[in-house]
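Residue strings, one per chain:
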Amino acid sequence: MRLKGFYIGRAQRVAALLLLALLGECLWTIARQPLEPGDYRYAQCGREMWERPSAIAGYFTTCGNLNGDGTFAYRLAGAPLTAQRLVLLAADHLRKPENRLYSGGSLNGSTWEARHELSFVKYLLRLPFCLFAIWLGGGLWWVSKRLFGPEGGAFALALYVFCPAVVRYATHPNNEILALWGLYGLVYTAMGVAHALQGPRAKWKYRIALLSVALGLTAAAHLLAAMIGLLSGAIFLYYLAERRRSHVAQILVLAMAGGFAILFASFSLRPSAFQYVFSGGAGRFWFSTEALQRFGSSPGNAGILVALAVATLLYATSRRSRYFGNTAPLLMVVALVFIYTTQVFSAPWLWALPFLFTFLGGVFADALETRQRKLFVALAVGIVVTQAALCWASVAGLLA
C-alpha cells in the first residue's frame, strides 16, 4: 500500500500498532492520575511565557528561574491552555456585552483561577509530552529499521513502548522526555549530515538547518543534553565525514549559531532572562552508579535486562555484531548512564534509553541472521511479551 509516495508495508503496520499501544498506555495513565502541584507549576510558568512575562527584575516568570531547567517543557505545557484561553476570549468577544461569559476576567488570571473555565486541563497539560514520546518512538523505529532491518526496528520499538520509565515520564510535564527526544535526534541528525556530505551540495543545507533546530530545541529542554549531543555529534560527524572533514568545523559553527538563536528566542529574546543559561548550573554534572542500580533493581525492567544481558554476550563474542551501527549507540549508553546533575534535578540516565534500545535491536537483528534464528525469534518474542506484561503491571501500580 502506498500513500502519497510513502510505502505502508508490514513493518510500518507493526510500528503503528506499537505506537498506538504507547498512546493507549499514556491515555490510561493520564486518566487515572489526578493533577498535581507540579502540573500547575508548569502550566502557570508556561502561560506566563506565552501571555505576559513577569516584570520581576532578574526573573523570567513568577516561578523564579525555573530551578535551572529549560523553557521548552513550560512552553509546551502552557501552549494548549493559552490557545484554548484565546479561543474562548475571542468567541466571547463576539457576543453582546450582556451575554459575555468571561466578563469577570478569570481567564486572565492564573491557571488555578481559570481551571473552571478551561476544559480537559489534565489532557491538555500532559498529552503534548505523550505525543513527543510517540514522535521519538517513530524516530527510533525509523533509525533502527534503516540500520538493522524491519525485525531490528520492531524489537527496538517494542522495548521502548513497554518501558515503564518512558510511560511515566511521557505522562507528566517535564523537560526530561524532551531532552530525550532532542538528544537522540541531535546525534543521529549529525550522522545524517555526515552522510549527506558524501552527496551533492544542494542537500547539505537542509540537513544543517535540521541540525541547528535539533540543537536549539535540545538546549531549550536541557542545557547538559545539548552539550553532550553537540560533543557526541561532532565526534561522529568527524568520524563519518572522511574526505569531507574540512567542512565539519564550518557546519558545527553554523549549527551552534542557529541553536543559540533558537535558545535565545525561547527566553522571549530577553537578555536578562537568557543570561541565566550561563549561571544557572544546568550543565554541571558528575558520575554515579546509583541510577544504574535503581534501573537494574526495578522488577518492571526485567525483560529489558534479559535482552541487555544476551546482547552484551553476543556483542562480546560475535565479531559480526561489532560494527559502527551497534557500537555508536552502545558508546552513548556508556557515556550517559553514569551521569547525574549536581545543580538541578534531572535524569540523564533516561536519555540513554533510546540508544540502549537501538543497540539491542541491532544485536538481535544480527542474531536473527544466524543458524540459531528460531531460538532467537522465540527469545525475542518472549522478552517482548514479558516486558509488556511487566510494563502494564508497573503502570497499574502492581509493581514497585
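In this convention, every chain numbers its residues from 1, walking through the sequence in written order. Totals for whole chains, interfaces and linings use all residues, but because this is a predicted model, local features are given only for residues with pLDDT of at least 70 and pairs of side-chain atoms are given and counted only at 80 or more. Heavy atoms from the whole structure form the basis of all side-chain values; hydrogens and water molecules are not counted.

A. Highlighting the overall build of the protein. Only DSSP runs of H or I reaching four residues or more are called helices, and only runs of E reaching two or more are called strands; each is numbered from the N terminus. Looking only at helices and strands, the protein has 18 helices and four strands in total. Out of the 400 residues belonging to the protein, those deemed buried represent 50%. When checking whether two residues touch, look at their non-hydrogen atoms; a contact exists if any pair is within 4.5 Å. Counting contacts in the protein only where the partners sit at least 6 residues apart, residues at least 24 apart contribute 77% of the total. All accessible areas in this document rest on Shrake-Rupley with a 1.4 Å probe, and a residue is counted as covered only by the protein chains that are shown. Accessible surface, the protein: about 19,200 Å² in total, of which carbon and sulfur atoms supply 65%. Note on classification: 1.4 Å probe, protein chains only; a residue is buried when its accessible area is under 20% of the maximum for its type, exposed when over 50%, partly exposed between these limits.

B. Structural view of the nonpolar core. Here, nonpolar core means buried Ala, Val, Leu, Ile, Met, Phe, Trp, Tyr and Cys residues that are tied together by side-chain atoms lying within 4.5 Å of each other. In terms of nonpolar packing, the biggest core is built from 117 residues, with Tyr-160, Trp-351, Leu-353, Phe-357 and Leu-360 touching the most fellow members. Take this core: its biggest share by element is 14 residues, from helix α7 (residues 176–196). The contact partners of Tyr-160, leaving out residues within four places of it in the chain, are Leu-22, Ala-133, Leu-136, Gly-137, Leu-140, Val-166 and Phe-357.

C. Geometry of the pattern of salt bridges. Every case where a carboxyl oxygen of Asp or Glu lies within 4 Å of a side-chain nitrogen of Lys or Arg is listed as a salt bridge. Applying the stated criterion to the full structure yields four salt bridges. Residues Glu-151 and Arg-373 are paired through a salt bridge, measuring 2.7 Å at the closest nitrogen-oxygen approach. Highlighted residues: Glu-151 in helix α5 (residues 150–161) and Arg-373 in helix α18 (residues 373–395), separated in sequence by 222 residues. Salt-bridge contacts for Arg-320 lead to Glu-369; the nearest nitrogen and oxygen are separated by 2.7 Å. With Arg-320 in the loop between α14 (302–317) and α15 (324–337) and Glu-369 in the loop between α17 (353–367) and α18, this residue pair connects regions lying 49 residues apart in the sequence.

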